[in-house]
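Below, each chain spelled out in residue letters.
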Amino acid sequence: MAPPPPSPSMAPPGLIHSTPGPPDACAPLSPPRAAASAAAAASMSGPVTETPSAIQICRIMRPDDANVAGNVHGGTILKMIEEAGAIISTRHCNSQNGERCVAALARVERTDFLSPMCIGEVAHVSAEITYTSRHSVEVQVHVMSENILTGTKKLTNKATLWYVPLSLKNVDKVLEVPPVVYSRQEQEEEGRKRYEAQKLERMETKWRNGDIVQPILNPEPNTVSYSQSSLIHLVGPSDCTLHGFVHGGVTMKLMDEVAGIVAARHCKTNIVTASVDAINFHDKIRKGCVITISGRMTFTSNKSMEIEVLVDADPVVDNLQKRYRAASAFFTYVSLSQEGKPLPVPQLVPETEDEKKRFEDGKGRYLQVKAKRQAQVEPQP
């Protein structure tokens, strides 16, 4: 596939910018553009204001963004994806005169890492609103990498994120989302189906909120306990939104770091993020909380590893609130040689009944994704 034409403009290194109107040519978005609906918004108070239907942020990848092999951390890319989604969704939710709000990340759908990004390349992150319900916004994001020496561009990521608008006056109050119009009726119907599907999946993940990762002394190699890892982080002001709650991108970056440690401990090679299953944000994390991000291996195929990551928040300055589950997700990693070629993964040895059940569940998810990919590449009759 030939690379798209070069971008008409280039931001200085490290500069984040947004461009109203159509996205930059280097990162085309496939979904049709949705604009503010004047007719549907007429019943809402205040005049209708236009908002950009797409934005783009650009940043050059530096050494501290990557691992020792020079591959950019998946968590760094996830954080940029969330920043773009937060900008466009917050801007849209404040496009009407009324109570001001900040869009909070509620869920990230499955995200595949299609191609690695390296130090020195420029990331072009394009975001576009594709559906709105009464209280949520769907944002689709595409990430392109650009080699500024050769001009080569490639698609590295596609992601779908869901946001909810929270009032600046009362963080527990979810505001209504200004509606959008669609060029075709089918777009709204398809968006509603995606909304109902993610809502159901979010409910199904809540039963696992009491599950915890327990340390084991002197574990055997290739077992779950051998590679399981935890990271403890004190939430500071730089991690937070205007509300004083943690940015979703900050949480995702920490989750990816822990998942990477688990994968590296298990196979002892260079590892990269291959995909992230749906990330669900169960509750907000307030500034001053101590969060524990725990990861454990759940399944291995011949060339991939599935790692479950759980985020628990401990409000140490609030004696009335107990520790709670804030987020959860499954990350998939692959092992690479020094030349960047896939390597076989040591097979996980589940020991307890719970570990065996998680292994079978992980195998089911792996086969489901494999079947879906095969269906996409097979020619239609």
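This is a predicted model, so every value here is computed, not measured.

**A word on the nonpolar core**
Then step 1. Counting residues in each nonpolar core, the largest one holds 73 residues, and the members touching the most others are M255, I279, I285, M305, I307 and F331.
Then step 2. No other element matches the nine residues that helix α5 (residues 248-267) contributes to this core.

**Things to note about α5**
An α-helix turns once every 3.6 residues. As a result, residues three or four positions apart point the same way.
Then step 1. The end-to-end C-alpha distance of α5, which contains 20 residues, comes to 29 Å, matching closely the 28 Å that a straight helix rising 1.5 Å per residue would cover.
Then step 2. Judged by how many residues are buried, α5 sits mostly within the fold: 15 of 20 residues are covered.

**Quick notes on the state of the cysteines**
Then step 1. Evaluation of the coordinates by the stated rule reveals zero disulfides.
Then step 2. Lacking any disulfide linkage, C93 is separated from the closest cysteine sulfur, that of C101, by 4.9 Å.
Then step 3. Its relative accessible area of 6% is what places C93 among the buried residues.

**Quick look at the packing of aromatic side chains**
Each aromatic ring pair is characterised by the separation of its centres together with the angle its planes make.
Then step 1. All told, the structure shown has six aromatic pairs when counted by the stated rule.
Then step 2. A centroid spacing of 5.5 Å and a plane angle of 40° characterise the contact between F299 and Y366, whose relative ring orientation is tilted. Note that F299 is positioned in strand β12 (residues 290-300) and Y366 in helix α6 (residues 353-377), a separation of 67 residues in sequence.
Then step 3. Residue classification places F299 among the buried positions, given a relative accessible area of 7%.
Then step 4. What links up through ring pairs into an aromatic cluster is the set Y131, W162, Y182 and Y195.

**Things to note about the UniProt feature "active site" (unreviewed entry) in the protein**
Then step 1. Taking the numbering used here, the UniProt-annotated feature "active site" (unreviewed entry) corresponds to N67 and D256. Considering the C-alpha atoms alone, the annotated residues occupy 190 residues of sequence yet fold into one spot, their largest mutual distance being 12.2 Å.
Then step 2. Relative to the assigned elements, N67 resides in the loop between β2 (54-60) and α2 (74-93).
Then step 3. Not counting the four nearest positions on each side in its chain, N67 is found in contact with H73, N270, I271 and V272.
Then step 4. A distance of 3.0 Å separates the side chain of N67 from the backbone nitrogen of A69, its partner in a polar contact.
Then step 5. If we ignore the near neighbours within four places in the chain, the residues touching D256 are H73, G74, G75, T273, F331 and Y333.

**Topic: the pattern of salt bridges**
Then step 1. All told, the structure shown has 17 salt bridges when counted by the stated rule.
Then step 2. One salt bridge in this structure joins E188 and R192, with 3.4 Å as the shortest N-O distance. In this pair, E188 and R192 both sit in helix α3 (residues 185-205), four residues apart, roughly one turn of the helix.
Then step 3. What makes R192 partly exposed here is its relative accessible area of 37%.
Then step 4. Measuring nitrogen to oxygen at the nearest pair gives 3.9 Å for the salt bridge that ties K356 to E353. Of the two residues, K356 and E353 are both situated in helix α6; the distance of three residues between them amounts to about one turn of the helix.
Then step 5. What emerges from the salt-bridge pattern is a single network uniting D312, R323 and R325.

**So, the packing of α2 against α5**
Packed helices, taken two at a time, are described by their axes: the angle between them and the distance between them.
Then step 1. Interhelical geometry of α2 versus α5 gives an angle of 165° and a closest axis separation of 8 Å. With respect to their mutual orientation, α2 and α5 come out roughly antiparallel. As α2 packs across α5, the resulting crossing turns out to be right-handed. Within the contact between the two elements, α2 uses G74, G75, T76, L78, K79 and E82 and α5 uses G248, G249, V250, M252, K253 and D256.

**Here we look at the layout of surface pockets**
By rolling a water-sized probe across the atoms, one finds the places where empty space is left.
Then step 1. Looking at the second largest pocket, its volume works out to about 740 Å³.
Then step 2. As for the second largest pocket, its lining consists of 33 residues, and the residues nearest its centre are A103, A104, L105, L166 and V246.
Then step 3. Where the lining of the second largest pocket is concerned, the elements lending two or more residues are α2, β3 (101-108), β7 (153-167) and α5.
Then step 4. Ranked by residues supplied to the lining of the second largest pocket, first place goes to α2 with six residues.
Then step 5. Residues that form the lining of the second largest pocket fall into these classes: 18 nonpolar, eight polar and seven charged.

**Regarding unusual backbone geometry**
Then step 1. Here N222, not a glycine, exhibits a phi torsion of approximately 70°, which is positive.
Then step 2. Relative to the elements of secondary structure, N222 occurs in the loop between α3 and α4 (224-227).
Then step 3. Residue classification places N222 among the partly exposed positions, given a relative accessible area of 28%.
Then step 4. At K268, a position not held by glycine, the phi torsion is positive, near 55°.
Then step 5. Secondary-structure assignment places K268 in the loop between α5 and β10 (270-276).
Then step 6. With a relative accessible area of 59%, K268 lands in the exposed category.

Cut-offs and rules
Residues numbered from 1 in each chain as written. Predicted model: local features only at pLDDT ≥ 70, side-chain atom pairs only at ≥ 80, totals over all residues. Heavy atoms only, no water. Core = buried A, V, L, I, M, F, W, Y, C linked by side-chain atoms within 4.5 Å. Buried < 20%, exposed > 50% of the residue type's maximum accessible area, 1.4 Å probe, protein only. Helix = DSSP H or I, 4+ residues; strand = E, 2+ residues; numbered from the N terminus. Expected span 1.5 Å × (residues − 1). Disulfide = S-S within 2.5 Å. Phe/Tyr/Trp six-rings, centres within 6.5 Å; stacked < 30°, edge-to-face > 60°. UniProt positions renumbered as here; feature names shortened; annotations may be inferred. Contact = heavy atoms within 4.5 Å. Polar contact = N/O pair within 3.5 Å; in protein donor to acceptor, adjacent residues only side chain to side chain. Salt bridge = Lys/Arg side-chain N within 4 Å of Asp/Glu carboxyl O. Axes fitted to C-alpha atoms, helices over the stretch in contact; angles between N-to-C directions. Parallel < 35°, antiparallel > 145°, perpendicular 65-115°, else oblique. Left-handed = near helix turned anticlockwise from the far one by under 90°. 1 Å grid on protein atoms, 1.4 Å probe; cavity = no way out; pocket = protein on both sides within 12 Å on 5 of 7 lines; lining within 4 Å. Points joined across faces, edges and corners; volume = space filled by probe spheres on them. Nonpolar A, V, L, I, M, F, W, Y, C, P; charged D, E, K, R; others polar.

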